[in-house]
Amino acid sequence: MTAFRISSAVAEAFPDTLIAVVTATGLNGRESWPRTAAAVEDLERDLASGTWAPADESDPRIEAWHTAYRSFGTNPRRIRPSVDALGRRLAKKGTLPRINPAVDSYNTVSVRHGLPAGAFDLDHVAGDIEIRYAEGAETFTPLGEPDTVENPKPGEIIYTDTTDVLTRHWNHRDAHRTRVTEDSTHVAFVLETLNATRDGHLLTAAADELQALLTEHSARSAVHHLSPVHRQVIV
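It should be emphasised that the depicted structure is a prediction, and the values quoted were computed from it without experimental measurement.

Undergrad: Explain the overall build of the protein chain here, please?
TA: Tallying secondary structure elements over the protein chain gives six helices and 10 strands in all. Here the C-alpha radius of gyration of the protein chain, 17 Å, is about what a compact globule of 235 residues would show, namely 18 Å. The burial tally for the protein chain puts 54% of its 235 residues in the buried class. Roughly 10,300 Å² of accessible area belongs to the protein chain as shown, and the carbon and sulfur atoms make up 49% of that amount. Where the 24 positive side-chain charges of the protein chain centre and where its 33 negative ones centre are 5 Å apart.

Next comes the structure, spelled out in structure tokens:
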């Protein structure tokens, strides 16, 4: 079992944070996921028709992440929060990237609700996962760059396990080691908001939507919540 926790320092700095951890066990990424395919197509159709558009940096959901990034020394217009980057790409190209069914599921839910999302293959996680401030000596190998090693800046917020960094700049980019592939069978997905008071209902809806997409293709799924009040969950 894996513990997810928020450090006391991050909890104190961002007291209205709420994170949904959606877990799936016995996941089958090799079969067809028609509901996910339809969800992606519906999103793209709504964008094309003008009935919906992804949140941009003028939206309070994205603006909050830009403010957070600046607080730990990251320029959010150069290194963007994941949902911001994904929404900009969708607005420009008109389509979402197709990676694999599990990743396509959380990408769709993320951009639909304007909330950052990511995922970890728990079979490749070492020990527990913590959201904390980096000291600067940690190592990070970016997704898609297995031969690259980076060091986060001291004070940057990261997800990390006992081996190395799992995400940089809180939610900008995931690590290569814990990436979700078609062969991942035990996965934790995360959805995040910095303003639970305003957007907690969106997070709940997004987590429920993601779990529904996963249910048909997993043996078991569950939703857990992390917050400054409940700083640890076991998944």
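Undergrad: Would you mind going over the sheet that holds strand 6 (residues 165-168) with me for this structure?
TA: Whenever strands of a sheet pair, they do so through backbone hydrogen bonds, lying parallel or antiparallel. The strand order across the open sheet built from six strands is 7-6-5-4-1-10, with neighbouring strands paired in mixed fashion. What marks the edges here is a single partner per strand, and that holds for strand 7 (173-174) and strand 10 (232-234). Where strand 6 and strand 7 come together, two bridges link them in antiparallel fashion. Counted as the bridge partner of threonine 167 is aspartate 174 from strand 7.

Undergrad: Before we go on, may I ask you to explain the sheet that holds strand 9 (residues 220-226) in this structure?
TA: In space, the four strands of this open sheet follow the order 3-8-2-9, with antiparallel pairing throughout. The open sheet has two edge strands with one neighbour each: strand 3 (117-121) and strand 9. The sheet shows a mean angle of 20° between the axes of neighbouring strands, taken without regard to direction. The strands touched by helix 6 (residues 196-215) are strand 2 (18-25), strand 8 (186-193) and strand 9; relative to strand 2, the strand with the most contacts, the crossing angle is about 5°.

Undergrad: Looking at this structure, how should I read the environment of tyrosine 106?
TA: Summarising the element assignment, tyrosine 106 is placed in helix 5 (residues 101-113). Residues tyrosine 106 and histidine 217, 111 residues apart in the sequence, show an inter-C-alpha distance of 14 Å. Apart from residues no more than four positions distant in its own chain, tyrosine 106 is found in contact with Ala117, Gly118, Ala119, Asp174, Phe189 and Leu210.

Undergrad: Would you mind showing me how to read helix 6 here?
TA: Along an α-helix, residues three or four apart share an orientation, since each turn contains 3.6 residues. Of the positions making up helix 6, those classed as buried are Asp199, Gly200, Leu202, Leu203, Ala206, Ala207, Leu210, Gln211, Leu213 and Leu214. Buried positions along helix 6 lie against strand 2, helix 2 (34-49), helix 3 (60-71), helix 5, strand 8 and strand 9.

Undergrad: Would you take a moment to explain the pattern of salt bridges for this structure?
TA: Side-chain pairing between opposite charges can occur once the charged atoms of the two side chains come close. Scanning the entire structure with this criterion turns up 18 salt bridges. Of the charged contacts, one joins glutamate 130 and arginine 132 as a salt bridge, the two residues approaching to 4.0 Å between their closest N and O atoms. For arginine 132, a relative accessible area of 19% corresponds to the buried category. Each member of the salt-bridge network shares a partner with another, and the members are Glu57, Arg77, Arg80 and Asp84.

Undergrad: Quick question: what am I supposed to make of a positive patch on the surface here?
TA: There is a patch of like positive charges on the surface, built from Arg88, Arg89, Lys92 and Lys93. Here arginine 88 shows up in helix 4 (residues 82-93). Residue classification places arginine 88 among the partly exposed residues on the basis of a relative accessible area of 44%.

Undergrad: Quick question: what am I supposed to make of the nonpolar core here?
TA: Across soluble globular proteins, nonpolar side chains have a tendency to be buried as a group. Counting residues in hydrophobic clusters, the biggest one holds 26 residues, and the most contacted among them are Phe4, Tyr159 and Trp170. Contributions of two or more residues to this core are made by strand 1 (3-6), helix 1 (8-13), strand 2, helix 3, strand 4 (129-133), strand 5 (157-160) and strand 8. If sequence neighbours within four positions are ignored, tyrosine 159 has contacts with Phe4, Ile19, Phe120, Ile129, Glu130, Ile131, Val165, Leu166, Thr167, Trp170, Val190 and Glu192.

Undergrad: When you look at the packing of aromatic side chains in this model, what are you seeing that I'm missing?
TA: For any pair of aromatic rings, the description rests on two quantities: the centre-to-centre distance and the angle between the ring planes. One pass over the full model with this rule turns up six aromatic pairs. On the numbers, 6.2 Å between centres and 45° between planes, the contact of phenylalanine 4 with phenylalanine 120 is tilted. Of the two residues, phenylalanine 4 is situated in strand 1 and phenylalanine 120 in strand 3; the sequence distance between them amounts to 116 residues. With centroids separated by 5.2 Å and ring planes inclined at 80°, the aromatic side chains of phenylalanine 14 and tryptophan 170 adopt a geometry described as edge-to-face. Residue phenylalanine 14 is located in the loop between helix 1 and strand 2, and its partner tryptophan 170 is located in the loop between strand 6 and strand 7; the two are separated by 156 residues in the primary sequence. For the pair formed by phenylalanine 14 and tryptophan 170, the shared burial category is buried.

Cut-offs used in this document
- Residues numbered from 1 in each chain as written.
- Predicted model: local features only at pLDDT ≥ 70, side-chain atom pairs only at ≥ 80, totals over all residues.
- Heavy atoms only, no water.
- Helix = DSSP H or I, 4+ residues; strand = E, 2+ residues; numbered from the N terminus.
- Rg over C-alpha atoms; globule rule 2.2 N^0.38 Å.
- Buried < 20%, exposed > 50% of the residue type's maximum accessible area, 1.4 Å probe, protein only.
- Areas by Shrake-Rupley, 256 points an atom, 1.4 Å probe, with all protein chains shown as cover.
- Lys, Arg positive; Asp, Glu negative; His and termini not counted.
- Charge placed at Lys NZ, Arg CZ, Asp CG, Glu CD.
- Pairing = 2+ DSSP bridges.
- Axes fitted to C-alpha atoms, helices over the stretch in contact; angles between N-to-C directions.
- Contact = heavy atoms within 4.5 Å.
- Salt bridge = Lys/Arg side-chain N within 4 Å of Asp/Glu carboxyl O.
- Patch = residues over 30% accessible without salt bridge, like charges linked within 9 Å, V, L, I, M, F, W, Y side chains within 5 Å.
- Core = buried A, V, L, I, M, F, W, Y, C linked by side-chain atoms within 4.5 Å.
- Phe/Tyr/Trp six-rings, centres within 6.5 Å; stacked < 30°, edge-to-face > 60°.

Worth remembering: the numbers are spatial, not functional.
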